[in-house]
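Here is how the chains run, residue by residue.
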Amino acid sequence: MTSLPLLFEPSPSLFQDVRVEPEEARSILRPQKDERFGFGFALSPYRGCGHGCRYCYVRDYPNALHPPEDWGDWVAPKLNAPELLWSQRHRLHGRRVFMASATDPYQPLEREYRLSRRCLEVLLLCPTTEVIVHTRSPLVLQDLELLKAFGSRLRVGFSVPTDDDTVRQVVEPDAPPIPSRWAAMERLSRAGITVSLGVAPLMPVFAPQTFAQRARNSGVSSVWVGGLRLLKGDPFYGVLAGQGWLRVLDPSYSEEIRAAFRAVFPALKRECIPREPPDGHRRLVNDSVRQPGLFDRVS
Ligand code: SF4
């Protein structure tokens, strides 16, 4: 384990109120068909997420034990995740692994449980094509040496939905501050690790050009801008309305932000891949708030 000092030390207050419910998982690899990347697996070492972002649609996934309004108040570490993954390694040949689709692998509890790290140690020994670690937390730096050992087979993605940390404090109050994410991206890219940026779900951005330039200066190699998904009757709509931020639901707003990134990143490429939610899950408030080009890449 690296002894690098962390740029953001998760405060104990960030998880002292989280109910920790360790469990033995029955499965660990969830097949995932992604229009951009093809077939692969999603790997979530935890159920639930201590970041508890207020817009997070995962809260609505069927869960007999926890109602959606409790999202962020509980986390279930999958204690056997590394062993289960090792037992499933034959499925990983030539496959992509995305960690994680329904939790943040570097949420505060990872400091204690080390499940994401131990899963990565297993993946290092497996013939995957690519491993994508997606997070909002500089805690990922504690595994810097391990990440480097993957070489070009691994990418770290960071979500930065806004350029303003006061917006972050409203929508992701328990997630790490945005300046600490930029600093982590810089350190990762300086260490030779490929870093991508997800401006998702897009929240208010006050200086789009400066935001895009910040990403470029941080060593980010690719960017995608993803619009917000609202569930039917989603209380987050009230948050947006109360803050005067309903413009984030306007498709032209996403386009404005994408244009800013295209202007700053020289190798422009665009893939318009609207993704429909699976039946029975992410019902949108109405058609007018569905944003076309969800998950468009801008470079
Ligand atoms: S970090 Fe990701 S999984 Fe966790 S609450 Fe936020 S959006 Fe949801």
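Only a predicted model underlies this, so the values are computations on that prediction, with no experimental measurement involved.

Cut-off values and rules
Residues numbered from 1 in each chain as written. Predicted model: local features only at pLDDT ≥ 70, side-chain atom pairs only at ≥ 80, totals over all residues. Helix = DSSP H or I, 4+ residues; strand = E, 2+ residues; numbered from the N terminus. Buried ≥ 20, exposed ≤ 12 C-beta atoms within 10 Å, placed from the backbone. Contact = placed C-beta atoms within 7 Å. Axes fitted to C-alpha atoms, helices over the stretch in contact; angles between N-to-C directions. Parallel < 35°, antiparallel > 145°, perpendicular 65-115°, else oblique. Left-handed = near helix turned anticlockwise from the far one by under 90°. Nonpolar A, V, L, I, M, F, W, Y, C, P; charged D, E, K, R; others polar. Near = placed C-beta within 6 Å. Pairing = 2+ DSSP bridges. pLDDT = per-residue confidence, 0-100. Expected span 1.5 Å × (residues − 1). Arc of directions from axis to C-beta.

K.L.:
Which parts of the structure should I look at to understand the overall build of the protein?
P.N.:
The helix and strand tally for the protein stands at nine helices and 11 strands. Across the 299 residues of the protein, 42% fall into the buried class. Contacts in the protein between residues far apart in sequence, at least 24 positions, make up 82% of those at least 6 positions apart.

K.L.:
When you look at the packing of helix α7 (residues 208–217) against helix α9 (residues 251–264) in this model, what are you seeing that I'm missing?
P.N.:
As a packed pair, α7 and α9 sit with axes 8 Å apart at the nearest point and diverge in direction by 45 degrees. By the angle class used here, α7 and α9 are oblique. Considering the relative orientation of α7 and α9, their crossing is right-handed. Residue-level contacts link P208, Q209, F211, A212, Q213 and R216 of α7 to E256, I257, A260, F261, A263 and V264 of α9. Counted by class, the contact of α7 with α9 contains eight nonpolar, two polar and two charged residues.

K.L.:
How should I be thinking about the site of the ligand in this particular structure?
P.N.:
With respect to spatial proximity, the complete set of residues near the ligand consists of C49, H51, G52, C53, C56, V58, T103, D104, R136 and A175. Residue classes in the shell around the ligand are distributed as five nonpolar, three polar and two charged.

K.L.:
What should I look at first to understand the sheet that holds strand β1 (residues 19–20) in this one?
P.N.:
Sheet strands associate in pairs through backbone hydrogen bonding, adopting either a parallel or an antiparallel arrangement. Spatially, three strands are ordered β1-β5-β4 in an open sheet, and the strand pairing comes out mixed. What marks the edges here is a single partner per strand, and that holds for β1 and β4 (46–48). Across two bridges, the pairing between β1 and strand β5 (residues 74–77) is parallel. Across the sheet, residue V20 finds its bridge partner in β5, namely V75.

K.L.:
Sorry if this is basic, but what is going on with the environment of G192 here?
P.N.:
For G192, the location among the structural elements is in the loop between α6 (178–190) and β9 (194–199). The spatial distance from the C-alpha of G192 to the C-alpha of G151 is 8.2 Å, given a sequence separation of 41 residues.

K.L.:
Explanation requested: the confidence of the model for the protein in the structure shown.
P.N.:
Interpretation of this model should avoid reading the predicted coordinates in detail wherever pLDDT is low. For the protein, per-residue confidence averages 85 on the pLDDT scale, and residues scoring 70 or more make up 82% of the total. When the criterion is pLDDT under 50, residues 1–5 qualifies, and its contacts beyond four places in sequence or with other chains add up to six contacts. The low-confidence segment residues 270–299, where pLDDT is below 50, has 66 contacts with residues more than four positions distant or belonging to other chains.

K.L.:
Explain unusual backbone geometry here, please?
P.N.:
What is expected of a backbone is that most residues other than glycine have negative phi and most peptide bonds are trans. A cis amide bond links M99 to the next residue, A100, at an omega of 15 degrees. Backbone geometry places R114, a non-glycine residue, at a positive phi of 60 degrees. Within the secondary structure, R114 is located in the loop between α2 (110–113) and α3 (115–124). Exposure remark for R114: the 18 C-beta atoms within 10 Å place this residue in the partly exposed category.

K.L.:
How should the environment of A263 be read in this particular structure?
P.N.:
Looking at the element boundaries, A263 is found in helix α9. Given 14 C-beta atoms within a 10 Å radius, A263 is considered partly exposed. Taking the C-alpha atoms as reference points, A263 and Q213, separated by 50 residues in sequence, lie 9.4 Å from one another.

K.L.:
Before we go on, may I ask you to explain α9 in this structure?
P.N.:
Here α9 spans 21 Å end to end across 14 residues, near enough to the 20 Å set by a 1.5 Å rise per residue. By the burial criterion, the buried members of α9 are S254, I257, R258, A260, F261 and V264. In a view along the axis of α9, the buried residues occupy a sector of 155 degrees, so they form one face of it.

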